[in-house]
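A look at the structure
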Amino acid sequence: MNLTFHWFLPTYGDSRHVIGGGHGVPAGTAGAAGGQRPADLGYLTQISRAAEQLGFEGALTPTGAWCEDAWLTTAMLARETERLKFLVAFRPGFVSPTLAAQMATTFQRHAPGRLLLNVVTGGESHEQRAYGDFLDKSERYARTGEFLHIVRALWRGETVTLDGRHLRVEGARLGRLPDPVPRVYFGGSSDEAGAVAARHSDVYLTWGEPPAQVSEKIAWIRGLAAEQGRTVRFGIRLHVITRDTSDQAWAETRRLLDGFSPDAVRAVQEGLARSESEGQRRMLALHGGSTDGLEVSPNLWAGIGLVRGGAGTALVGNHREVAERIVEYHRLGIDEFIMSGHPHVEEAYWFGEGVLPRLAEAGLWTHPTEGAAKNGRTVSVPFAGQLGR
């Protein structure tokens, strides 16, 4: 099976330094001056076209008060690109399920086959309340389950009437069905999240934890899905710093770390400590707010999480080492990788020109434009030593 790679659209801005934000933390640079790039359509188009040319299948667009709206932004970017898919993150509590199903259908009609959906329940009650959502975390997950039940039934062409605990629709039906039906991506580390993922997701996403922890998550979700008579794919969200040599890559981590002002780290960590997200708690546990011991697993650096909510780890190393770590995660069951780096244009090229060719040589990745002949063929996972240096 070919691996699938997605890039990331920083709709809150970009920089040669880390721009934090998310999980209730406002977006902003980590303290170093210079070079912030506004998230205007021209710059986001640059990133999208770079990702498309390099062979990424799609690009994740975040959601929240700290960034631009994902639906509107990606609809505009679809006109500026040819084949790149857009993994649109959205919160089901902010839009009716019937309207969301209709929006997805419209997107697929005007940008055929290019919509993927990342359903984000929302882990921060104070941010949810700013949007008029006053449910607690457990009830938000219950509502997400009802939401996806309705949406999936509508996409099957059913007429839906449901009087649920949180959502109510009567005689809901779509005039047109999406073709194809968008894949649903879903993440979460709590028990409530696992139940929803097992029942409704196509791809379960985890943040970049060390391999042993990722393996435990995969086994957990795989078991829950089996109880529902389902199987799901697995994906991982990681930053990446890859260079021609290991020394160059780790020098970049030191440069980034030097740009983290102590005040910025302290403020971000205090904000994230209030998070209700179990996944965020697991990210914080990797570094404990300290700048010491940030390589938490071979080539896995937790420094990003000092100043950024959500995904807080990066694969760091030369191109061969980063490819080996990807193979390691793939052996555990990960088939989709959502990557990012600062700044996002330059890092897309480092990864796309340095790592992806090595995975292609190993038979694990094919550029999407190379045709159906190579797609779907069965390949064996190589030993690390088989990857080109």
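These lines cover the structure that appears in this document, whether it is placed above or below. (Residues numbered from 1 in each chain as written. Predicted model: local features only at pLDDT ≥ 70, side-chain atom pairs only at ≥ 80, totals over all residues. Heavy atoms only, no water.)

Let's talk about the packing of aromatic side chains
In this description, a pair of aromatic rings is defined by centroid distance and the angle of the planes. Filter applied, for reference: Ring geometry is summarised as follows: Phe, Tyr and Trp rings, the Trp one being its six-membered ring, pair when their centres sit within 6.5 Å, and such pairs are stacked at plane angles under 30 degrees, edge-to-face over 60 and tilted between the two. Helix numbers and strand numbers start at the N terminus; a helix is a DSSP run of H or I with at least 4 residues, a strand a run of E with at least 2. Buried means the residue's accessible area, taken with a 1.4 Å probe over protein chains only, is under 20% of the maximum for its type, while exposed means over 50%, and partly exposed covers the values in between. Here, over-ring charges are defined by two tests on the NZ atom of lysine or the CZ atom of arginine: distance to the ring centre within 6 Å, and angle to the ring normal within 35 degrees.
Taken as a whole, this structure holds 12 aromatic pairs when the rule is applied. Summarising the aromatic geometry, the rings of Phe-90 and Phe-147 are spaced 5.9 Å apart at their centres and angled 50 degrees between planes, so their arrangement reads as tilted. Taken together, the positions of Phe-90 in strand β5 (residues 85–90) and Phe-147 in helix α5 (residues 137–155) put the pair 57 residues apart, joining distant regions of the chain. Each of the two residues, Phe-90 as well as Phe-147, counts as buried. In textbook terms, an aromatic cluster arises when at least three aromatic residues are bridged by ring pairs, as seen for Phe-5, Trp-7, Phe-56, Phe-337 and Phe-351. In this structure, Arg-237 packs its charged tip against the face of Phe-8, placed 4.4 Å from the ring centre.

What to know about the pattern of salt bridges
Stated precisely, the cut-off is as follows: By definition, a salt bridge exists where a carboxyl oxygen of Asp or Glu is found within 4 Å of a side-chain nitrogen of Lys or Arg.
The final tally for this structure, using the stated rule, is 22 salt bridges. Salt-bridge contacts for Asp-263 lead to Arg-266; the nearest nitrogen and oxygen are separated by 2.8 Å. One end of the pair, Asp-263, and the other, Arg-266, are both in helix α9 (residues 262–272), three residues apart, so they sit about a helical turn from each other. A salt bridge links Arg-281 to Glu-278, with the shortest nitrogen-to-oxygen separation between them at 2.5 Å. Within this pair, Arg-281 and its partner Glu-278 are both found in helix α10 (residues 278–287), separated by three residues, close to a single helical turn. Here Arg-281 falls in the partly exposed class, since its relative accessible area comes to 45%. Several salt bridges converge on common partners, so that one network encompasses Glu-57, Lys-85, Arg-183, Arg-233, Asp-335 and Glu-336.

Brief notes about the environment of Val-119
Put simply, the rule reads: In this description, contact between two residues means that some pair of their heavy atoms is separated by no more than 4.5 Å.
Mapping Val-119 onto the fold places it in strand β6 (residues 115–119). Among the residues examined, Val-119 registers a relative accessible area of 3% and is labelled buried. C-alpha of Val-119 to C-alpha of Gln-228: the two residues are 109 residues apart in sequence and 20 Å apart in space. Setting aside residues up to four positions removed in sequence, Val-119 forms contacts with Phe-90, Pro-92, Thr-144, Leu-148, Val-184, Tyr-185 and Phe-186.

Examining the packing of helix α7 (residues 211–227) against helix α11 (residues 319–332)
Quick reminder of the rule: Axis definition: a line fitted to C-alpha atoms, over the contacting stretch in the case of helices. Angles run 0 to 180 degrees between N-to-C directions. If an angle is under 35 degrees, it is roughly parallel; if it is over 145, roughly antiparallel; if it lies from 65 to 115, roughly perpendicular; otherwise it is oblique. A clockwise turn of the near helix away from the far one marks a right-handed crossing, whereas an anticlockwise turn of less than a right angle marks a left-handed crossing. Ten residues, namely Ala, Val, Leu, Ile, Met, Phe, Trp, Tyr, Cys and Pro, are considered nonpolar, four, namely Asp, Glu, Lys and Arg, are considered charged, and the remaining ones, Gly among them, are considered polar.
Two numbers describe how α7 lies on α11: the axes approach to 9 Å, and their chain directions differ by 25 degrees. By the angle between their axes, α7 is roughly parallel relative to α11. Both α7 and α11 take part in a crossing whose hand is right-handed. Residue-level inspection shows Pro-211, Val-214, Ser-215 and Ile-218 of α7 in contact with α11, the latter providing Glu-328, Tyr-329 and Leu-332. Its residues placed into classes, the contact of α7 with α11 shows five nonpolar, one polar and one charged.

Things to note about unusual backbone geometry
Here the residue pair Asp-179 and Pro-180 is connected by a cis peptide bond, since its omega of 0 degrees sits within 30 degrees of zero. On the secondary structure map, Pro-180 appears in the loop between β8 (168–172) and β9 (184–187). The amide bond that connects His-342 to the next residue, Pro-343, takes the cis arrangement and shows omega of -10 degrees. When you line up the elements, Pro-343 lands in the loop between β15 (336–340) and α12 (344–354). Despite not being glycine, Asn-299 shows a phi value in the positive range, around 65 degrees. Mapped onto the elements of the fold, Asn-299 is located in the loop between β12 (295–297) and β13 (300–301).

Remarks on the side chain of Thr-74
Turning to its location among the elements, Thr-74 is positioned in helix α2 (residues 70–78). Beyond its immediate chain neighbours, meaning those up to four positions away, Thr-74 contacts Thr-61, Phe-86, Val-88 and Phe-107.

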